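Okay, here's what each chain looks like letter by letter:
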Amino acid sequence: MKTASAPSTTNLVRLDVQRELDRPESRADPYSAYARLRRLGPVLRWRSGFSDTYVITRHQDVVSLLRDPRIANDRRSVSGRGGAPAGRWWMPAIMKLLINSMVMKDPPDHRRLRTLVQKAFTPARVDDLGDRVEQITADLLDAAATKPVIDLVADLALPLPLTVISEMLGVPEPQRVEFRALLARVLDPNSAKLSGFIRNYPHMLRLNRFLRRLVRLRRQQPGDDLVTALVQAEEDGDRLGEDELISMVFLLLFAGHETTVNLIGNGVLALLQHPDQLQLLRARPDLIDTAIDEMLRFTNPVGTVSPRFVREELDIADVRIPRGSTLTLLLASANLDDAAFPDAHRFDITRTPNRHVGFGLGPHYCLGAPLARIEARAAIPALLQRFPDLRLAIPPESVRWRSNMGLRGIESLPLRTSA
Ligand code: HEM
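Residues numbered from 1 in each chain as written. Predicted model: local features only at pLDDT ≥ 70, side-chain atom pairs only at ≥ 80, totals over all residues. Heavy atoms only, no water.

With respect to the overall build of the protein chain
When its secondary structure is counted, the protein chain shows 18 helices and 12 strands. Taking 419 residues into account, the globule formula puts the C-alpha radius of gyration at 22 Å, and the protein chain, at 22 Å, falls close to it. Principal-axis analysis of the C-alpha atoms gives the protein chain an extent of 65 × 55 × 40 Å. Among the 419 residues that make up the protein chain, the fraction classed as buried is 53%. Put simply, of all contacts in the protein chain between residues at least 6 apart along the chain, 74% involve residues at least 24 apart. By element, 53% of the accessible surface of the protein chain is carried by carbon and sulfur atoms, the whole surface being about 19,000 Å². (Helix = DSSP H or I, 4+ residues; strand = E, 2+ residues; numbered from the N terminus. Rg over C-alpha atoms; globule rule 2.2 N^0.38 Å. Buried < 20%, exposed > 50% of the residue type's maximum accessible area, 1.4 Å probe, protein only. Contact = heavy atoms within 4.5 Å. Areas by Shrake-Rupley, 256 points an atom, 1.4 Å probe, with all protein chains shown as cover.)

Here is the structure:
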């Protein structure tokens, strides 16, 4: 990507990317909206809140930046002050737990936390869940099957990941109903972001207290669950402190919920809008794995990663980006880039290879990818098998999207289950 000439940022197109992507026509057709952004340039400028950011639109640049050690997740790493706990004296303790999560950290802190959590969140632990995830799906579909019109989001996509993570964490049976109700409030994807946070604050405090009691319980009575594994995870005599452990559980809950809801919701919608692909998957259920990758690529449950910060001046596509700059990496735009995916605007459940960045890439690659896959692999085929005549109960243009930029998902999806 380096060039010999002196690259310049002066002639970059400036626009409000968020506004552009949240326009009704962009929500209805993000494919054309992202294509427009890529045509405007590989690097755009956007004033987002108080910060000026460089927006990266092409697949090749997003991929290389996600792996580039000159890019930081913690703004303070640019000035060499990364590492100390983030937060200001006036911030509530919960907010400090959230902003000190591993996704906001750089090496060596990030490596240390990731190694410890990986000891607990192993692919084997996730694989063992397969049968249980299928059972939970079957129970949810049994309950939904009594209605002529189901809401895919409320009846399946939302409760499935919620139930799975509650069981994984090792919440004792008598408290699971209370815990799930608490999670449903705290993680409600349909509550507006800022006002939702304020309204939910008392529930966050309750969740914090609940989790701390659970950690204490699992220290005294270890079980075969994720909290016990996090409590016991050890590397060279190092362990997670209690705040680190709670911050990690919060991260797993927040990073893993709405994202999975969006994958199941958006994925089923894409199938219903592409009847040839739906028919193909019904005929060839063995295509489910490539279908899930295509759903990640084409429907973009996560459209953008958290902001990145430039530690050392670098060149991207003939543009010199100064040290200290903020970058917005548009995963969704990368995933729809014709230069990386032949016929990128076609939804093709047999697509191979499929080098999408739906789970990110590099050191922060999604830790929960195997769990998300297991849940989608259980939910989508079971839904199709249970309802051979499944179809949209509303016109496609009435589908309401929650957001189009960060997490991209639908509010609800009414489906008719019989002919
Ligand atoms: C379809 C579902 C999912 C999608 C599309 C998704 C996507 C992503 C993406 C794009 C990142 C990278 C963030 C970055 O680089 O800033 C990420 C990180 C992460 N995800 Fe997921 N995710 C999903 C499900 C899950 C689940 C189920 C869990 C756990 C229960 C999870 C836990 C995490 C964690 C802990 C990280 C941070 C990793 C790190 O900083 O090292 N995700 N995810």
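A short note on the site of the ligand
Looking at the ligand, there are 28 residues lining it, with H110, R114, R308, H364 and C366 nearest. At a separation of 3.5 Å, a nitrogen atom of the ligand approaches a polar backbone atom of A255. Within the contact set of the ligand, an oxygen atom lies 3.4 Å away from a side-chain nitrogen or oxygen of S306. Every element with two or more residues in the shell around the ligand is listed here: helix 6 (109–120), helix 14 (242–273) and helix 18 (369–386). It is helix 14 that provides the largest number of residues to the shell around the ligand, a total of seven residues. A per-class count over the shell around the ligand returns 17 nonpolar, nine polar and two charged. (Near = heavy atom within 4 Å. Polar contact = N/O pair within 3.5 Å; in protein donor to acceptor, adjacent residues only side chain to side chain. Nonpolar A, V, L, I, M, F, W, Y, C, P; charged D, E, K, R; others polar.)

Considering helix 4 (residues 59–66)
Buried residues dominate helix 4, accounting for six of its eight residues. Every buried residue of helix 4 is accounted for by H59, D61, V62, V63, L65 and L66. Turning to helix 4, the residues buried within the fold contact strand 2 (51–56), strand 3 (71–72), strand 5 (308–310), strand 6 (314–316), strand 8 (326–329) and helix 17 (331–335).

Section: the coordination of the iron atom of the ligand
Of the protein atoms, C366 (SG) alone serves as a donor to the iron atom of the ligand, at 2.3 Å. Assignment of secondary structure puts C366 in the loop between helix 17 and helix 18. (Donors = N, O, S within 2.8 Å, 3.2 Å for Na, K, Ca; no water.)

Points about a positive patch on the surface
A grouping of R185, R206, R209, R213 and R216 is seen on the molecular surface, where their side chains present a positively charged patch. Here the positive patch gets four residues from one element, more than from any other, and that element is helix 12 (residues 193–220). Along the chain, R185 falls in helix 11 (residues 176–186). (Patch = residues over 30% accessible without salt bridge, like charges linked within 9 Å, V, L, I, M, F, W, Y side chains within 5 Å. Salt bridge = Lys/Arg side-chain N within 4 Å of Asp/Glu carboxyl O. Lys, Arg positive; Asp, Glu negative; His and termini not counted. Charge placed at Lys NZ, Arg CZ, Asp CG, Glu CD.)

Topic: the packing of helix 14 against helix 15 (residues 275–283)
Their axes nearest at 5 Å, the elements helix 14 and helix 15 cross at an angle of 110°. As judged from the angle between their axes, helix 14 and helix 15 are roughly perpendicular. On the side of helix 14, the interface is formed by L271, L272 and Q273, while helix 15 contributes P275, Q277, L278 and L281. (Axes fitted to C-alpha atoms, helices over the stretch in contact; angles between N-to-C directions. Parallel < 35°, antiparallel > 145°, perpendicular 65-115°, else oblique.)

Overview of the packing of aromatic side chains
Inspection of the entire model under this criterion finds five aromatic pairs. On the numbers, 4.9 Å between centres and 35° between planes, the contact of F179 with F210 is tilted. With F179 in helix 11 and F210 in helix 12, this residue pair connects regions lying 31 residues apart in the sequence. Note on accessibility: F179 and F210 belong to one class, buried. A centroid spacing of 6.1 Å and a plane angle of 70° characterise the contact between F359 and Y365, whose relative ring orientation is edge-to-face. Residue classification places Y365 among the partly exposed positions, given a relative accessible area of 31%. By way of ring pairs, the aromatic residues Y31, F298 and F347 are connected into one cluster. (Phe/Tyr/Trp six-rings, centres within 6.5 Å; stacked < 30°, edge-to-face > 60°.)

Describing unusual backbone geometry
Note that the residue after P107, namely P108, is joined by a cis bond; omega there is 0°. Of note, P108 is situated in the loop between helix 5 (93–99) and helix 6. The peptide bond linking T352 to P353 adopts the cis configuration, its omega dihedral lying at -10°. In the Ramachandran plot, N300 falls in the positive-phi region, its phi being about 50° despite a non-glycine side chain. With respect to the element layout, N300 can be found in the loop between helix 16 (288–299) and strand 5. With relative accessibility at 3%, the residue N300 sits in the buried group. Phi at A317 is positive, roughly 45°, even though this residue is not glycine. Structurally, A317 can be placed in the loop between strand 6 and strand 7 (319–321). Take A317: its relative accessible area is 19%, and that puts it in the buried class.

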